[in-house]
Amino acid sequence: AAGVIQSPRHLIKEKRETATLKCYPIPRHDTVYWYQQGPGQDPQFLISFYEKMQSDKGSIPDRFSAQQFSDYHSELNMSSLELGDSALYFCASSLDRRNEQYFGPGTRLTVT
Amino acid sequence: GNSVTQMEGPVTLSEEAFLTINCTYTATGYPSLFWYVQYPGEGLQLLLKATKADDKGSNKGFEATYRKETTSFHLEKGSVQVSDSAVYFCALSGTSYGKLTFGQGTILTVHP
């Protein structure tokens, strides 16, 4: 069965640079969620989209922005990167907001 | 706001031992409850879920019962295997838009 695809899987950036993470949900899933997991931490919700509209917002810094496109894929744009942004970024998708979420393998971002 | 508390500290067991990982939650309304498992270097996989009080979720020998009176969702398995070694996250989804709130995670190590 098709799963959630995230790219790239690994990304190394320097401080103050910009990064773009991409997420391709499971086919026919209309809801996308982004989570950030720091080393040894639990995943923290960043933002979600339902039918291409932002549906909820968590602890996402103002330096980050995201959107969901007409084909339902989503991109998380991160600017002015800081060392503390180094983390595993997960995307999850669901069919409608009320159903269980399926997670992608994550993008490991390292900021040096 | 919503919160999830898992038992502290890593758990180390011998193969075929009984496993319990405690999880309690605080939420308004009637949340859905989940257990996710994360193997080293991988994303989060849904292990089981329960959407209403007294529901029992089960999968791969793992079970958890949604106890509203004690606000708990403890994970159990009668006989663990080495391959069960992973990090286990308890999570809840409230009534708005499906974002997940995770517990701190419990590292399980099973020795032969």
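Coordinates for the structure precede this section.
Residues numbered from 1 in each chain as written. Chains lettered and ligands numbered in written order. Predicted model: local features only at pLDDT ≥ 70, side-chain atom pairs only at ≥ 80, totals over all residues. Heavy atoms only, no water.

Draft legend 1. Spatial organisation of the packing of aromatic side chains. Tallied over the entire structure, the rule returns 12 aromatic pairs over all chains. When the centroid spacing of 5.4 Å and the interplanar angle of 40° are considered together, the rings of Tyr-35 of chain A and Phe-103 of chain A count as tilted. Of this pair, Tyr-35 of chain A sits in strand β4 (residues 31-37) while Phe-103 of chain A sits in strand β10 (residues 102-103), placing them 68 residues apart in sequence. Overall, Tyr-35 of chain A belongs to the buried group, its relative accessible area being 0%. Consider the rings of Phe-103 of chain A and Tyr-36 of chain B, whose centres lie 5.3 Å apart with planes at 75°: the pair is edge-to-face. With one member in each of two chains, Phe-103 of chain A in strand β10 and Tyr-36 of chain B in strand β5 (residues 32-38) form a pair that bridges those chains. Using a relative accessible area of 11% as the deciding quantity, one classes Phe-103 of chain A as buried. Its relative accessible area of 0% is what places Tyr-36 of chain B among the buried residues. Each member of the aromatic cluster is reached from another via a ring pair, and the members are Tyr-33, Tyr-35, Phe-45, Phe-90 and Phe-103 of chain A together with Phe-34, Tyr-36, Phe-89 and Phe-102 of chain B. (Phe/Tyr/Trp six-rings, centres within 6.5 Å; stacked < 30°, edge-to-face > 60°. Helix = DSSP H or I, 4+ residues; strand = E, 2+ residues; numbered from the N terminus. Buried < 20%, exposed > 50% of the residue type's maximum accessible area, 1.4 Å probe, protein only.)

Draft legend 2. Main features of the nonpolar core. Core analysis: the largest hydrophobic core is formed by 25 residues, its most contacted members being Leu-19, Trp-35, Leu-48, Phe-73, Leu-75 and Tyr-88 of chain B. For this core, the secondary-structure elements that each account for two or more residues are β2 (11-14), β3 (19-21), β4 (23-26), β5, β6 (44-50), β8 (62-65), β10 (86-93) and β12 (106-111) of chain B. Here this core takes 4 residues from β10 of chain B, the largest share from any one element. The next biggest cluster of nonpolar side chains, apart from the first, holds 22 residues, and it includes Ile-26, Ala-87, Leu-109 and Val-111 of chain A. (Core = buried A, V, L, I, M, F, W, Y, C linked by side-chain atoms within 4.5 Å.)

Draft legend 3. Seen up close, the side chain of His-29 of chain A. Residue and element names in this part refer to chain A. Relative to the assigned elements, His-29 resides in the loop between β3 (19-24) and β4. A distance of 2.8 Å separates polar atoms of two side chains, one belonging to His-29 and the other to Ser-93. There is a polar contact of 3.4 Å between the side chain of His-29 and the backbone nitrogen of Ser-94. (Polar contact = N/O pair within 3.5 Å; in protein donor to acceptor, adjacent residues only side chain to side chain.)

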